[in-house]
Amino acid sequence: MPDAAPLASSLPPDAGDVRRETVALVIPLFNEEEMLPILIREVEAFRSHHPDIIEIVLVDDGSSDATPRLVRELTDDLPGYRVARFARNFGHQLAVTAGLSLTTTDAAVILDADLQDPLSVVSEMIAKWRQGYDVVYGVRAEREGETAFKRGTAAGFYRAFRWMTDLDIPLDTGDFRLVSRRVIDAYEKLGEQQPFVRGLISWLGFNQTGVEYRRAARMAGETKYPLRKMLKLALTSMLSFSDKPLRMAAYLGLGTAALSFVGLLYALIAWLIGST
Ligand code: UDP
Ligand code: MG
């Protein structure tokens, strides 16, 4: 844990303060049987020129397809893999949170199993971290293979979230990001039960920066984020970060009470006038 308060976000980068050697990849998996062979192949190819990536943490979020078996078969003989399996589907955000807590490295990179977050960008993130940053998030400059609806709702969500929470989360970022050990430790101390990973990490402070990238299309399989899950994430994130909904409910209640009072007075006066 750092000595400085976690909210000190504007400190200049200082690469000399902590160890910046080893890196883990944290990858949540939910029914990713079609992606897994491609994923492991790509990760291994990437690691062959990134010896600093010594851990790959796979969190199976209660898959009901062949994911658990494939994970075992594909990674058993490979060094550095850690696999955790949830007893049921707890959701992507909790899978990422569990994955982070299983890492032992100096930094970790959170990425999706479908390789929409390109591994080449991970190199850039690691380079920025070595310059002294604690959080390096991916900024989506372009999205391929996503419907206009998904792009539109995502854009709307980030703007609504900012308005609701007054928290300055960078626009068009997902959970694809590198976090340093001190960020992981601080994040863990929060102990959130319904975490909104990107919001919490943004809120923690430290030295944060972004790298732009083109978000590729999912390589295989289908999205595991149907509208229902997206809406749930949007709602939990806003409710856990903002008291505006509560305030709005209170104002609405007060407003209604005030209006009813005026109505009551009006009725009373009308009755008095009418009765004289
Ligand atoms: N995921 C998960 N639990 C879920 C849904 C998704 O762990 O309940 C994982 C999924 O396997 C993938 C990542 O979260 O690694 C992002 O999911 P997906 O690519 O389907 O979302 P999208 O890119 O369509 O928003
Ligand atoms: Mg995806």
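Along each chain, residues carry numbers from 1 onward, in the same order as the chain's sequence is written. Each chain is given a letter, starting from A, and each ligand a number, starting from 1, according to the order in which they appear as written. Where totals are concerned, whole chains, interfaces and linings use all residues; where local detail is concerned, this predicted model gives features only for residues with pLDDT of at least 70, and gives and counts side-chain atom pairs only at 80 or more. Remark: hydrogens and water are excluded; side-chain values derive from all non-hydrogen atoms of the structure.

**Brief notes about the packing of helix α1 (residues 36-47) against helix α2 (residues 67-75)**
Any two packed helices are characterised by the angle at which their axes cross and by the distance between the axes.
No. 1: Taken N-terminus to C-terminus, the directions of α1 and α2 make an angle of 30 degrees; their axes are 10 Å apart at the nearest point. Comparing the axis directions of α1 and α2 gives the class roughly parallel. Crossing geometry of α1 relative to α2 is assigned as right-handed. Mapping the contact onto sequence places L36, P37 and I40 in α1 and T67, L70, V71, L74 and T75 in α2.
No. 2: Charged residues are taken to be Asp, Glu, Lys and Arg, nonpolar residues to be Ala, Val, Leu, Ile, Met, Phe, Trp, Tyr, Cys and Pro, and polar residues to be all remaining types, Gly included. Broken down by class, the residue content of the contact of α1 with α2 amounts to six nonpolar, two polar and no charged. Only the stretch in contact is used when fitting a helix axis, every axis being a line fitted to C-alpha atoms; angles between N-to-C directions are given from 0 to 180 degrees. Here a strand is any run of E in DSSP of at least two residues, a helix any run of H or I of at least four, and the numbering for each starts at the N terminus. Should an angle fall under 35 degrees it is called roughly parallel, over 145 degrees roughly antiparallel, and 65 to 115 degrees roughly perpendicular, with every other angle called oblique. Note: crossing handedness is left-handed where the near helix turns anticlockwise from the far helix by less than a right angle, and right-handed where it turns clockwise. In what follows, residue pairs with any heavy atoms lying within 4.5 Å of each other are defined as contacts.

**Structural notes on the pattern of salt bridges**
No. 1: Here a salt bridge means any side-chain nitrogen of Lys or Arg lying within 4 Å of a carboxyl oxygen belonging to Asp or Glu. Evaluation of the coordinates by the stated rule reveals 17 salt bridges.
No. 2: Residues R85 and D60 are paired through a salt bridge, measuring 2.7 Å at the closest nitrogen-oxygen approach. Here the residue R85 occupies a position in strand β3 (residues 81-85), and D60 occupies one in strand β2 (residues 53-60), the gap between them amounting to 25 residues.
No. 3: Burial status follows relative accessibility: with a 1.4 Å probe on protein chains alone, a residue under 20% of its type maximum counts as buried, one over 50% as exposed, and anything between as partly exposed. By relative accessible area, which is 47% here, R85 ends up partly exposed.

**Structural notes on the confidence of the model for the chain**
No. 1: The pLDDT value tells you how sure the predictor is about a given residue, anywhere from 0 up to 100. Mean pLDDT over the chain stands at 87; residues scoring 70 or higher make up 92%.
No. 2: Of all the helices and strands in the chain, helix α5 (residues 148-165) carries the lowest mean pLDDT, 78, while strand β4 (residues 107-110) carries the highest, 98.
No. 3: In this model, residues 1-10 is a region of pLDDT below 50 whose contacts with residues beyond four sequence positions or in other chains number 14 contacts.

**Concerning the packing of aromatic side chains**
No. 1: Centres within 6.5 Å make a pair out of two Phe, Tyr or Trp rings, where for Trp the six-membered ring is used; the pair is then stacked when the planes are under 30 degrees apart, edge-to-face when over 60, and tilted otherwise. Within this structure, the stated rule accounts for two aromatic pairs.
No. 2: Their ring planes at 80 degrees and their centres at 5.3 Å tell us that F86 and F90 sit as a pair that is edge-to-face.
No. 3: By relative accessible area, which is 17% here, F86 ends up buried.
No. 4: Taking relative accessible area as the criterion, F90 reaches 36% and is therefore assigned partly exposed.
No. 5: Where F176 meets Y213, the ring centres are 5.2 Å apart and the plane angle is 80 degrees; that geometry is what we call edge-to-face.

**Thoughts on the nonpolar core**
No. 1: Among the nonpolar cores identified, the biggest contains 35 residues, and L25, I27, L39 and V109 are the most heavily contacted of them.
No. 2: Elements supplying a minimum of two residues to this core: β1 (23-29), α1, β2, α2, β4, α4 (119-130), β6 (173-180) and β7 (208-215).
No. 3: Here L39 is in contact with I27, L29, A113 and L115, once residues within four sequence places are set aside. To form a nonpolar core, buried Ala, Val, Leu, Ile, Met, Phe, Trp, Tyr and Cys residues must be joined to one another through side-chain atoms within 4.5 Å.

**Some words on a nonpolar patch on the surface**
No. 1: Each patch is built from salt-bridge-free residues with over 30% relative accessible area, joining like charges within 9 Å and nonpolar side chains (Val, Leu, Ile, Met, Phe, Trp, Tyr) within 5 Å. The method behind every accessible area is Shrake-Rupley, applied with a 1.4 Å probe, and residues are considered shielded solely by the protein chains displayed. A grouping of F261, L264, L265, L268, I269, W271, L272 and I273 is seen on the molecular surface, where their side chains present a nonpolar patch of about 850 Å² in accessible area.
No. 2: Inspection of the secondary structure assignment puts L272 in helix α9 (residues 244-275).

**Notes on the coordination of the magnesium ion (ligand 2)**
No. 1: Listed donors are limited to N, O and S atoms within 2.8 Å of the metal, widened to 3.2 Å for Na, K and Ca; water is not among them, so incomplete-looking sites are possible. For the magnesium ion (ligand 2), the protein coordination sphere consists of D114 (OD) and Q116 (OE1), at 1.9 to 2.1 Å. The exposure classification of D114 matches that of Q116, with both residues buried.

**Some points on the site of ligand 1**
No. 1: Whether a residue is near a molecule or strand depends on its heavy atoms: if one lies within 4 Å, it is near. Close contacts around ligand 1 come from 19 residues, with E32, D61, D114, T223 and K224 the closest.
No. 2: In isolation ligand 1 offers 530 Å² of accessible surface; the protein chains occlude 95% of this area.

**Quick look at the environment of A154**
No. 1: Its place among the elements puts A154 in helix α5.
No. 2: Spatially, the C-alpha atom of A154 lies 9.9 Å from that of G174, the residues being 20 residues apart in sequence.

**Quick word on the packing of α5 against helix α8 (residues 227-241)**
No. 1: Orientation of α5 relative to α8, taken along the N-to-C sense of each, is 10 degrees, at an axis distance of 10 Å. Comparing the axis directions of α5 and α8 gives the class roughly parallel. For the pair α5 and α8, contact is made by F149, K150, T153, F157, A160, F161, M164 and T165 and by L227, M230, A234, S237, M238 and F241, respectively.
No. 2: Counted by class, the contact of α5 with α8 contains 10 nonpolar, three polar and one charged residues.

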